[in-house]
Each structure stands twice: as C-alpha cells, then as structure tokens.
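Remarks on the overall topology
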Amino acid sequence: MRIASLSFRYGRRDPWILSDAGLVLDAGDVVEVTGPNGTGKSTLLRLVAGLLRPVRGSVEDRPRVVGYAPERFPADQPFTVSSYLRHMAAVRRVSTDAIGRWSERLGMDHLLGQRLPDLSKGSAHKVGLAQALLAEPGLLVLDEPFAGLDAATRAELPRIIEDVSARGGIVVVSDHQGDLRAFPGLRRCEVRDRVVRELEPVAEAGETALTVLEVAVDPSRASDLADRLRAEGCTVHITGRITARVTREAAG
Ligand SMILES: Nc1ncnc2c1ncn2[C@@H]1O[C@H](COP(=O)(O)OP(=O)(O)OP(=O)(O)O)[C@@H](O)[C@H]1O
C-alpha cells in the first residue's frame, strides 16, 4: 500500500493538516503513529482507512478489507451490542460466529445484551475494536486503541495485532501512550507541522540503542578520557590518529 504526495485540509478555507505525505506500507507492517495533540494523527488514520479522501495525492493498493476503530466509538445508537455486531457482520458478509470469538477474546461476553448508550467509555471502545476485527482485515486502523481498556484487554491487544500482521495484514495504530513500543519490528511515524516523518525503530528487547560520537583529542589525554567515559558507562574504542590543524584558542 502506497501513500503518495498526500495533502489534506478539511475545507477550502481551512489550514492544511498534512502536506505532501508519503509512506509505503508492506504486508505485515505494524506502524505506530505519534505526534503532539491536534497535529493530524486521527486525520492521517482516516485517510489511510479510506474514510477521508486526499485533497491532493493518493492512497494506492489499499487492502480490500479494512477494519477501522475510531478514538471514540459512537455509542448513541439504539441497539444492543449483540444486535449491532450482528448487523456489522451481515454488512461485512461474515459469519456471526466471529462475534462470539471476538467478544470472548476482548473480554466482552457480558456486554452483548447491553444497549450501546448504556456502555461505559471503555466498554464502548471494545465494541469499536470488535467491529473492526470481525472481517479479518487486510488493513487494520486503530485510533488510540489502548485508551480506557482494562488491563487484560490491554495485554491481549498486542497479541491480536501480531496475529493480524502474521497473516499479512497491515496495522496502523495511533498510540500516544506508547503501549506498542516493545512490539517486535514496530515501524514508527510522527505527524508534526503537517509532515509525516518515519522515526528510528525502537531497539528490540535485549538490545540498547547507542549513539556513536566521534571525538578527537590530544594523544596525551586519550587514555585518561577513555577511562573517564568508561567509568560513566560508555563503550569506548581508541581507533587511531588523525592530524588536524588546530587554532591556538581551540587547542587550549
Ligand atoms: N471534521 C473536522 N473538520 C474540521 N477540522 C477538523 C476536523 N477534524 C479535525 N479537525 C482539525 O484537524 C486538526 C487535526 O486533528 P486530528 O484529530 O487529526 O489531530 P490528532 O493529532 O489526532 O489530535 P489528538 O492528539 O488530540 O487526538 C485539528 O486542528 C482539528 O481541529
């Protein structure tokens, strides 16, 4: 799936939210979208999911089956959870068996008979996740999915995301709390100042990210400085000598 030269604003007189964004997503990719409040994370997710159309640019080769869970599930609908999910299963042409599977996995069996407007925020959020997962999405877009979830479902969600990814689905998640940071192979994108920028991946468990500094010092100070840096926990290699013209001020 390819996002190419994508720019978006809500109305002709509104400011641009995204400008010239580009991103290539491969089968199995799990992408975390971060950025300061109000910069356009939800907007980007809705564009990725196909709920908004780019003003300029394009989203190409989007998987056919898309599951989207909004940040706030619209619970002001006159249905029980069960009848809502049965309706969504019919719309998506999937067996109602999927409802039982997902309500068990998301710990929401006890909610099935409740009316949507009576649900707590966290419970309504689970219904939003369940409807997004019903049809085995090739693209799963989750807007702040961890917010308000109980501990058990919070722990289960990365496993669900892993399953979607393992069967080749693309998963795009906005997650300002960083619940997915330890996810193996996680790609990270930041939305800031209208730009979508890919960030360095987080080091895998058991690894530590290190920054390499090149420091040139007078040879007589090298071994002393190396010892002091090692004492501070740095890894130090003395790699050789260079010659450099140094001004009197810098040398002092
Ligand atoms: N339907 C809309 N019509 C007009 N402007 C909108 C609409 N939805 C969002 N915006 C504006 O677009 C900008 C980006 O909003 P968006 O919700 O995408 O940001 P966000 O990064 O997801 O925010 P948050 O971190 O608070 O969830 C904001 O200035 C917001 O006011």
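Where an unreviewed UniProt entry is consulted, the protein chain appears under the name ATP-binding cassette domain-containing protein, with the organism given as Microbispora catharanthi.

**Quick look at the sheet that holds strand β4 (residues 56-60)**
The strands making up a sheet associate through hydrogen bonds between their backbones, and the pairing can be parallel or antiparallel. Strands sit in the order β2-β1-β4 across an open sheet of three strands; the sheet is antiparallel. The two strands at the open ends of the sheet, each matched to only one other strand, are β2 (18-24) and β4. Adjacent strand axes in the sheet meet at a mean angle of 20° when their direction is disregarded. Pairing geometry for strand β1 (residues 2-8) and β4, over four bridges, is antiparallel.

**A short note on the site of the ligand**
Taken together, Y10, D14, I17, G35, N37, G38, T39, G40, K41, S42 and T43 are the residues near the ligand. Each residue belonging to the shell around the ligand can be placed in one class, and the counts come to two nonpolar, seven polar and two charged.

**Observations concerning the domain arrangement of the protein chain**
Per the domain assignment, the segments of the protein chain are domain 1 (2-199) and domain 2 (219-251). The straight-line distance from the C-alpha centre of domain 1 to that of domain 2 is 50 Å.

Calculation notes
Residue numbers restart at each chain and count upward from 1, following the sequence in its written direction. Reporting of local features is limited, given that this is a predicted model, to residues whose pLDDT is at least 70; pairs of side-chain atoms are given and counted only at 80 or more, and all residues count toward the totals for whole chains, interfaces and linings. Strands qualify as paired when DSSP identifies two bridges or more between them. Secondary structure elements follow DSSP: runs of H or I of four or more residues count as helices, runs of E of two or more count as strands, with numbering from the N terminus. To get an axis, a line is fitted to the C-alpha atoms, and for a helix only the part in contact is used. The angle between two axes follows their N-to-C directions and goes from 0 to 180 degrees. In this entry, near means the residue's backbone-placed C-beta atom lies within 6 Å of the molecule or strand. Note that Gly is not counted as nonpolar here; it falls among the polar residues with everything else outside the nonpolar set of Ala, Val, Leu, Ile, Met, Phe, Trp, Tyr, Cys and Pro and the charged set of Asp, Glu, Lys and Arg. The domain boundaries here were taken from an automatic or database domain assignment.

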